[in-house]
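Here are the chains, one letter per residue:
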Amino acid sequence: IPTPPHCRRPPHFVCCRRPPSLLPAASTEPWEAAAVYAYNTMLKVNDTTFFMYYDVVAANKPLLRFTALAISNDGVTFRKPNLGASFFNGSSANNIVWPRSDGRAGHPAYDYHEPGTVFIDDKPGVPASERFKMACSWKGGVWLLSSPDGISFTPMFGKPVVPGSDTQNVRPPA
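Note that this is a predicted model, so its numbers are computed, not measured. (Residues numbered from 1 in each chain as written. Predicted model: local features only at pLDDT ≥ 70, side-chain atom pairs only at ≥ 80, totals over all residues. Heavy atoms only, no water.)

**Observations concerning the overall build of the protein chain**
Okay, so step 1: When its secondary structure is counted, the protein chain shows 0 helices and 11 strands.
Okay, so step 2: Each helix (α) and strand (β) of the protein chain, taken in turn from the N terminus, gives the series β-β-β-β-β-β-β-β-β-β-β.
Okay, so step 3: A burial count over the protein chain gives 43% of its 174 residues as buried.
Okay, so step 4: Sequence-distant contacts, at least 24 apart, represent 42% of the contacts inside the protein chain between residues at least 6 apart.
Okay, so step 5: A total of about 9,100 Å² of accessible surface is found on the protein chain, and carbon and sulfur atoms cover 57% of it. (Helix = DSSP H or I, 4+ residues; strand = E, 2+ residues; numbered from the N terminus. Buried < 20%, exposed > 50% of the residue type's maximum accessible area, 1.4 Å probe, protein only. Contact = heavy atoms within 4.5 Å. Areas by Shrake-Rupley, 256 points an atom, 1.4 Å probe, with all protein chains shown as cover.)

Given below as structure tokens:
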């Protein structure tokens, strides 16, 4: 997808000018039943692969919120692969990348999460295991997660990098 001349962005981000009705993340799965929501990021991973991270809300009670991944070879037609990275309703057959569990029996507890953004960190010296980074609101602040493949994310630190905040605002510590 060519970048319009007025769109200034890092080299991996994609500028999308299509109308909302043509966006690739339509609600088609149970973990998307309540909403395909607000925080979305599209990345050009290489010349033939585009990743779109999108915010989904399941219709469970209480509502469960996840970051899901759709993949494309042309930046126009997306598929939602079964990634096996997270559990939803007892199955890992889904395209959820974070958080890793819906908290059902036998799986880790679910912690409410608000997606932020994902980016490719291609600075020299960055380990391949940390190529993809995600900043998201989780467990009382903004957490920084990393992944070698853009699918298997883990927290980089044992605490939020910005406590008491979400990814859209920052407040000074108390």
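**Some points on the confidence of the model for the protein chain**
Okay, so step 1: Looking at the protein chain as a whole, the pLDDT averages 80, with 77% of positions reaching at least 70.
Okay, so step 2: Counting interchain partners and residues more than four positions distant, the pLDDT-below-50 stretch residues 3-9 has 7 contacts.
Okay, so step 3: With pLDDT under 50 throughout, residues 15-22 is counted as low confidence; its partners more than four residues away or in other chains account for 13 contacts. (pLDDT = per-residue confidence, 0-100.)

**Quick word on the environment of arginine 79**
Okay, so step 1: As for its placement among the helices and strands, arginine 79 is situated in strand E5 (residues 78-79).
Okay, so step 2: Here the alpha-carbon distance between arginine 79 and leucine 69, two residues 10 residues apart in the chain, equals 8.8 Å.
Okay, so step 3: A polar contact of 3.4 Å, which involves the side chain of arginine 79, links it to the side chain of asparagine 73. (Polar contact = N/O pair within 3.5 Å; in protein donor to acceptor, adjacent residues only side chain to side chain.)

**Thoughts on the environment of threonine 117**
Okay, so step 1: By secondary structure assignment, the location of threonine 117 is in strand E7 (residues 113-120).
Okay, so step 2: The partly exposed category is assigned to threonine 117, whose relative accessible area is 31%.
Okay, so step 3: Remark: the alpha-carbon pair of threonine 117 and tyrosine 53, spanning 64 residues in sequence, is separated by 8.0 Å.
Okay, so step 4: A polar side-chain atom of threonine 117 sits 3.1 Å from a polar atom in the side chain of threonine 41.

**Focus on the nonpolar core**
Okay, so step 1: Grouped together as the largest cluster of nonpolar side chains are 19 residues, with contacts concentrated most on Tyr53, Phe132, Met134 and Phe153.
Okay, so step 2: A per-element tally of this core places strand E8 (residues 132-138) first, with 4 residues.
Okay, so step 3: The next biggest cluster of nonpolar side chains, apart from the first, holds 15 residues, and it includes Met52, Tyr54, Ile96 and Tyr110. (Core = buried A, V, L, I, M, F, W, Y, C linked by side-chain atoms within 4.5 Å.)

**Let's talk about the pattern of salt bridges**
Okay, so step 1: Summed over all chains, the structure comprises 6 salt bridges.
Okay, so step 2: With its nearest N and O atoms 3.8 Å apart, the salt bridge here joins glutamate 114 to arginine 65. Within this pair, whereas glutamate 114 is found in strand E7, its partner arginine 65 is found in strand E4 (residues 64-72), the two being separated by 49 residues in sequence.
Okay, so step 3: The exposure class assigned to arginine 65 is buried, which follows from its relative accessible area of 6%.
Okay, so step 4: Among the salt bridges present, the one from aspartate 121 reaches lysine 133, with a minimum N-O distance of 2.6 Å. In this pair, aspartate 121 sits in the loop between E7 and E8 while lysine 133 sits in strand E8, placing the two residues 12 residues apart along the sequence.
Okay, so step 5: Given the relative accessible area of 10%, aspartate 121 is considered buried. (Salt bridge = Lys/Arg side-chain N within 4 Å of Asp/Glu carboxyl O.)

**Some thoughts on unusual backbone geometry**
Okay, so step 1: That bond from tryptophan 98 to proline 99 is cis: its omega, -15 degrees, falls within 30 degrees of zero.
Okay, so step 2: Summarising the element assignment, proline 99 is placed in the loop between strand E6 (96-98) and E7.

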